[in-house]
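What the coordinates show
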Amino acid sequence: MARIGVCSWSLHPDSPADLVHKVRACGLGAVQLALDPIRSGRWPEVETSTTLHAAGITILSGMMAMEGEDYSSLDSIRRTGGVRPDAHWARNLEHAGANALLARRLGITLVTFHAGFLPHDAGDPIRATMLDRLRQVTDAFAQQDILVAFETGQESAATLSGVLRQLNRPTVGVNFDPANMILYGMGDPVQALSTLVPWVRQVHVKDARPTSTPGTWGRETPAGQGAVDWPAFFRVVREHRIDVGFVIEREGGDTRIDDIRHAWGLIDRSLPPAGDHP
């Protein structure tokens, strides 16, 4: 039913060969690949493609980071995240076009990214500006037959579903990250997943605990040690037959490979075998 992989950036690889080594150490055979190191030339495109292919590692999807994003605090990412900042908009659109071409060459059909904090008020002029920019980014990928998915968490599920309806683009969905709902304080992940089911294109398997100080980050944890109700989460997955890639993301800690292996086990125990139905 599911394809299980790991986010390449979670492993901090220093080369395509190092990425292969670490993915194998996790016991996995698939990745979500960060595109910007390849687009910028830090990783050679041909070497990356041939190394992963030779190792039998599948690229489930790509990830694009926006220019100038500052995750040092909730306030800083609210100002700098996604397509919101005017100062970086032109470059972000340029990079989207280049990443779309790159994704097509690599055979990737889905690319995810953070849209930025989308205002809850449908009449907010900043929301209108962001929707216009998201249409342009989405269309740049659509021209290359690439689907896109916005990372969840920086707004409530109700706000995001409203934005998706306003965008009215069939090639747009969400990359559902339950931990981000907790880290950003944007609602219960299970309820949010139920709301966003029609748009789910990929799931990030990540866990977190909420903050006790409003306006500050929550704390990411290994999967199963945070506040995500995984049995209820996967019940929604099974009931709605959400048949997408499940990609493990681990952004903290010093035992990432062990944590990723543990998350792989959690997913494997929670999903029915391929071809089975709830």
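Quick look at the structure, then. (Residues numbered from 1 in each chain as written. Predicted model: local features only at pLDDT ≥ 70, side-chain atom pairs only at ≥ 80, totals over all residues. Heavy atoms only, no water.)

Focus on the packing of helix H1 (residues 16-25) against helix H3 (residues 45-54)
Spelled out, the test is: Each axis is a line fitted through C-alpha atoms, and for a helix only the stretch in contact is used; angles between axes span 0 to 180 degrees, taken between their N-to-C directions. Numbering of helices and strands runs from the N terminus, with a helix taken as a DSSP run of H or I at least four residues long and a strand as a DSSP run of E at least two residues long. Each angle receives one of four descriptions, namely roughly parallel if under 35 degrees, roughly antiparallel if over 145, roughly perpendicular if within 65 to 115, and oblique otherwise. Helix crossings get a hand from a simple test, with the near helix turned counterclockwise from the far one by less than a right angle marking a left-handed crossing and a clockwise turn marking a right-handed one. What makes two residues a contact is simply this: any of their non-hydrogen atoms within 4.5 Å. For this scheme, ten residues count as nonpolar: Ala, Val, Leu, Ile, Met, Phe, Trp, Tyr, Cys and Pro. Four count as charged, namely Asp, Glu, Lys and Arg, and the remainder, Gly too, count as polar.
Close contact between H1 and H3 brings their axes to 9 Å; oriented N to C, the two are set at 30 degrees. In this view, H1 runs roughly parallel relative to H3, as classed from their interaxial angle. Of the two elements, H1 crosses H3, and the hand of that crossing is right-handed. Residues Pro16, Ala17, Leu19 and Val20 of H1 form the contact with H3, whose participating residues are Glu47, Thr48, Thr51 and Leu52. Grouping the constituent residues of the contact of H1 with H3 by class yields five nonpolar, two polar and one charged.

Side note on unusual backbone geometry
In the Ramachandran plot, Asn168 falls in the positive-phi region, its phi being about 55 degrees despite a non-glycine side chain. Among the structural elements, Asn168 can be located in the loop between helix H7 (157-167) and strand S6 (172-176). In this structure, Arg241 is a non-glycine residue whose phi angle is positive, near 50 degrees. Within the secondary structure, Arg241 sits in the loop between helix H10 (230-239) and strand S10 (245-248).

Quick notes on helix H6 (residues 125-142)
Just so we agree on the cut-off: Here the expected span of a helix is defined as 1.5 Å times the quantity of residues minus one. To sort residues, take the accessible area from a 1.4 Å probe on protein chains only and compare it with the maximum for the residue type: under 20% means buried, over 50% means exposed, and anything in between is partly exposed. Distance and chemistry together define a polar contact, namely a pair of N or O atoms within 3.5 Å, with one atom able to donate a hydrogen and the other to accept it when in protein, and with adjacent residues in sequence counting only for side-chain atoms on both sides.
For H6, which comprises 18 residues, the first-to-last C-alpha distance of 26 Å matches the rise-based estimate of 26 Å (1.5 Å per residue) to within 8%. Listing the buried residues of H6 in full gives Arg127, Met130, Leu131, Arg133, Leu134, Val137, Thr138, Ala140 and Phe141. Lining the buried residues of H6 we find helix H5 (86-106), strand S4 (110-113), strand S5 (147-151), H7 and S6. In this structure Asp124 caps H6, since a side-chain oxygen of it lies 2.8 Å from the backbone nitrogen of Ile126.

Quick look at the pattern of salt bridges
What counts, and what does not: Just to be clear on terms, a salt bridge is a Lys or Arg side-chain nitrogen sitting within 4 Å of an Asp or Glu carboxyl oxygen.
Here the structure, examined in full by the defined rule, presents twelve salt bridges. Among the salt bridges present, the one from Arg39 reaches Asp36, with a minimum N-O distance of 3.2 Å. Residue Arg39 and its partner Asp36 are located together in helix H2 (residues 36-39), separated by three residues, close to a single helical turn. Exposure remark for Arg39: the relative accessible area of 27% places this residue in the partly exposed category. One salt bridge in this structure joins Arg105 and Glu45, with 2.8 Å as the shortest N-O distance. A residue pair is termed long-range when its members are at least 10 positions apart, and Arg105 in helix H5 and Glu45 in helix H3 qualify at 60 residues. Several salt bridges share partner residues, and in doing so they unite Asp177, Lys206, Glu249 and Glu251 into one network.

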